[in-house]
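Okay, here's what each chain looks like letter by letter:
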Amino acid sequence: MNAPFSRTLGGEESPSPLQGSVAPVKRGDRIASLDVLRGFALLGILVANIEGFAGLEGRFEIPIGVAKNAFVGPHTHLNLVILFLKWIFIEDKMRGLFAMLFGAGVVLLTERIERNNGQVNSADIFLRRNMWLFVFGVLHGTFIWDGDILAEYAFNALFFLYPCRKLKAKSLFVVGTIVWIGIGTLASSVAEGDFEYLRLSRQKSALVAIEKSGTNLTPAQNETKKEWRALITKNELRSTDEANANAAKRRNGGYIGYVKDRGTGFVRHLGDFESGYYFADILGAMLIGMALYKSGFLISKLPLSTYLSTAFVGFLISTPLYVVGIWKAYGSSFYFAVIEKWIVFPHNLTAEAGTLANAALLMILFKGRVPRTLLRPFAAVGQTALTNYLLTSVLCQYLFVFGPLELYGRVEYYQSLYFVLAVWVVNLVASSLWLRHFEFGPVEWLWRSLTYWKLQPMRLRSK
């Protein structure tokens, strides 16, 4: 079968057992729903990442105080609509979905191997697979783009996912939610200084009332006032004209200059606290993905009503919070304190709810009467996800940083979507054409060959 969609489409989706030897899953044994979801997730991630490729992301991933302020000029309302849609459907939702699918893949891989070959072989292959993924991530983050997620995926897999693979679906979902919303929110609040902000904000309000009454402030109260001013200055200086100019100068300093500046910085910051925040964020999503695979949610085994109710509840939780939060932030001219309170603090709750809603919505499409020919290109992207992820970084970095155009910091907020569409076309077309002739994507082939310590057949055998 030369089409990139497996024969599991339309039939019962269950992986075939290994035939007495440890080897990568065959094309015909792939689970179509997972490939489709992975393809959509990978394409959606670029909508969120394009701001990091094209210029400074602004404060809290909102394009304010950047070289091309999105909310000044004739395209203000268009950009505001785009911002609403990105936060409701994309921002950390597609990254969350991608992480969920990675977690599901852990269960799928280990179950498939252990069915005939035992836990020893499973552990050996799992270890090699993720050690090589970590190497790919470090190379990608150092020499291509410092926004890499592969190294963090591999870290989570090596330290947490393998021991958790035997847990029941309900336990995985509960623990994943605690990690994602509970630990993730706590870690991000500490990393972003939310607790310090809340403390100073309360004290500052009291100081304003004291000053209005005509009472002199004590030395301690004056010190609190200075801390508040310093906090404001710190946030307002995150993105200034000077910061934009310096960033553009560093990015447009050529490939070697980029590696020296951002690439080495990626390696230095692999173990910092911000990485720890994303570790909790990603780990929670991975554990939930393991649960959703075991429950049958991700492999189209649940009734349509389950997916409809999940989408409804997920969007009911996330969408109003985003709409109110972004509207209040816009009304305050995106004052950092308002963003912190209304968008950042509830972010992990809305991210999990929105990710589950997105997954359910895509599964509704998959279970519905959407023509399979329309889904087939997305499945092809999902089957070659690692290749497409790296290819996307290369294309975007060439367009904005490494290439002759040097577009970094010069693109309007809405204009960045033009580049997203162009890269999507490359992903969809190239993946479909490649899989007409080859069993794996090129990087997937290398990854599998290194994992199984044996060169895998590359050409697709004709029947």
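Our subject in this report is the structure included herewith. (Residues numbered from 1 in each chain as written. Predicted model: local features only at pLDDT ≥ 70, side-chain atom pairs only at ≥ 80, totals over all residues. Heavy atoms only, no water.)

**Details of the overall build of the protein**
Phase 1: The helix and strand tally for the protein stands at 17 helices and zero strands.
Phase 2: Split into buried and exposed, the 463 residues of the protein put 51% on the buried side.
Phase 3: The contacts in the protein between residues at least 6 apart in sequence include a share of 79% that link residues at least 24 apart.
Phase 4: Summed over all atoms, the accessible surface of the protein reaches about 21,100 Å², with 65% contributed by carbon and sulfur. (Helix = DSSP H or I, 4+ residues; strand = E, 2+ residues; numbered from the N terminus. Buried < 20%, exposed > 50% of the residue type's maximum accessible area, 1.4 Å probe, protein only. Contact = heavy atoms within 4.5 Å. Areas by Shrake-Rupley, 256 points an atom, 1.4 Å probe, with all protein chains shown as cover.)

**With respect to a nonpolar patch on the surface**
Phase 1: A grouping of F312, V313, L316, I317, L321 and L349 is seen on the molecular surface, where their side chains present a nonpolar patch of about 520 Å² in accessible area.
Phase 2: Among the secondary structure elements, L349 is positioned in helix α13 (residues 347-367).
Phase 3: Judged by its relative accessible area of 35%, L349 is partly exposed. (Patch = residues over 30% accessible without salt bridge, like charges linked within 9 Å, V, L, I, M, F, W, Y side chains within 5 Å. Salt bridge = Lys/Arg side-chain N within 4 Å of Asp/Glu carboxyl O.)

**Some words on unusual backbone geometry**
Phase 1: Despite not being glycine, S300 shows a phi value in the positive range, around 65 degrees.
Phase 2: In the Ramachandran plot, S333 falls in the positive-phi region, its phi being about 60 degrees despite a non-glycine side chain.
Phase 3: Here S333 lies in the loop between α11 (304-331) and α12 (336-344).
Phase 4: What makes S333 exposed here is its relative accessible area of 63%.

**Focus: the packing of α11 against α13**
Phase 1: Direction vectors running N to C along α11 and α13 enclose 145 degrees, while the axes themselves pass 7 Å from each other. In this structure, the crossing between α11 and α13 has a hand that is left-handed.
Phase 2: Residue composition of the contact of α11 with α13, grouped by class: 17 nonpolar, seven polar and one charged. (Axes fitted to C-alpha atoms, helices over the stretch in contact; angles between N-to-C directions. Left-handed = near helix turned anticlockwise from the far one by under 90°. Nonpolar A, V, L, I, M, F, W, Y, C, P; charged D, E, K, R; others polar.)

**Let's talk about the pattern of salt bridges**
Phase 1: Enumeration over the complete set of coordinates arrives at nine salt bridges.
Phase 2: When the shortest N-O distance is used, the salt bridge between R95 and D92 registers 2.9 Å. Per residue, the accessibility class of R95 equals that of D92, and both read buried.
Phase 3: Among the salt bridges present, the one from D124 reaches R128, with a minimum N-O distance of 2.6 Å. Here R128 and D124 lie together in helix α3 (residues 93-143), a separation of four residues that amounts to about one turn.
Phase 4: Accessibility expressed as a relative area gives 35% for D124, which makes it partly exposed.

**Here's the deal with the nonpolar core**
Phase 1: Core analysis: the biggest nonpolar cluster contains 93 residues, and Y153, L161 and F400 have the highest contact counts within it.
Phase 2: The element that contributes the greatest number of residues to this core is α3, accounting for 17 residues.
Phase 3: A70, L83, A329 and V344 belong to the second-largest nonpolar core, a separate cluster that totals 19 residues. (Core = buried A, V, L, I, M, F, W, Y, C linked by side-chain atoms within 4.5 Å.)

**As for the packing of aromatic side chains**
Phase 1: Under the defined criterion, the tally for this structure stands at 19 aromatic pairs.
Phase 2: With a centroid separation of 5.8 Å and 55 degrees between ring planes, the pair formed by W87 and Y322 is classed as tilted. Taken together, the residues W87 in helix α2 (residues 76-90) and Y322 in helix α11 connect sequence positions 235 residues apart. Of the two residues, W87 and Y322, both sit in the buried class.
Phase 3: Aromatic side chains F98 and Y153 sit 6.1 Å apart centroid to centroid with 45 degrees between the ring planes, which places their arrangement in the tilted category. A residue pair is termed long-range when its members are at least 10 positions apart, and F98 in helix α3 and Y153 in helix α4 (residues 150-164) qualify at 55 residues.
Phase 4: Owing to a relative accessible area of 1%, Y153 belongs among the buried residues under this scheme.
Phase 5: Here the aromatic residues F71, W327, Y330 and F334 are joined through ring pairs into a cluster of three or more.
Phase 6: The ring of W447 is capped by R129, whose NZ or CZ atom sits 4.1 Å from the centre of that ring.
Phase 7: For R372, the ring lying beneath its charged end belongs to F366, and the centroid distance is 4.9 Å. (Phe/Tyr/Trp six-rings, centres within 6.5 Å; stacked < 30°, edge-to-face > 60°. Lys NZ or Arg CZ within 6 Å of the ring centre and 35° of its normal.)

**Points about the side chain of E444**
Phase 1: Mapped onto the secondary structure, E444 falls in helix α17 (residues 442-452).
Phase 2: Contact partners of E444, with chain neighbours within four places excluded, come to Q383, T384, A385, L386 and T387.

**Observations regarding the environment of G289**
Phase 1: Tracing the sequence through the fold places G289 in helix α10 (residues 273-295).
Phase 2: Between the C-alpha atom of G289 and that of F98, which follows or precedes it by 191 residues, the distance is 9.1 Å.
Phase 3: Aside from chain neighbours lying at most four places away, what touches G289 is M100, G103, A104 and L298.

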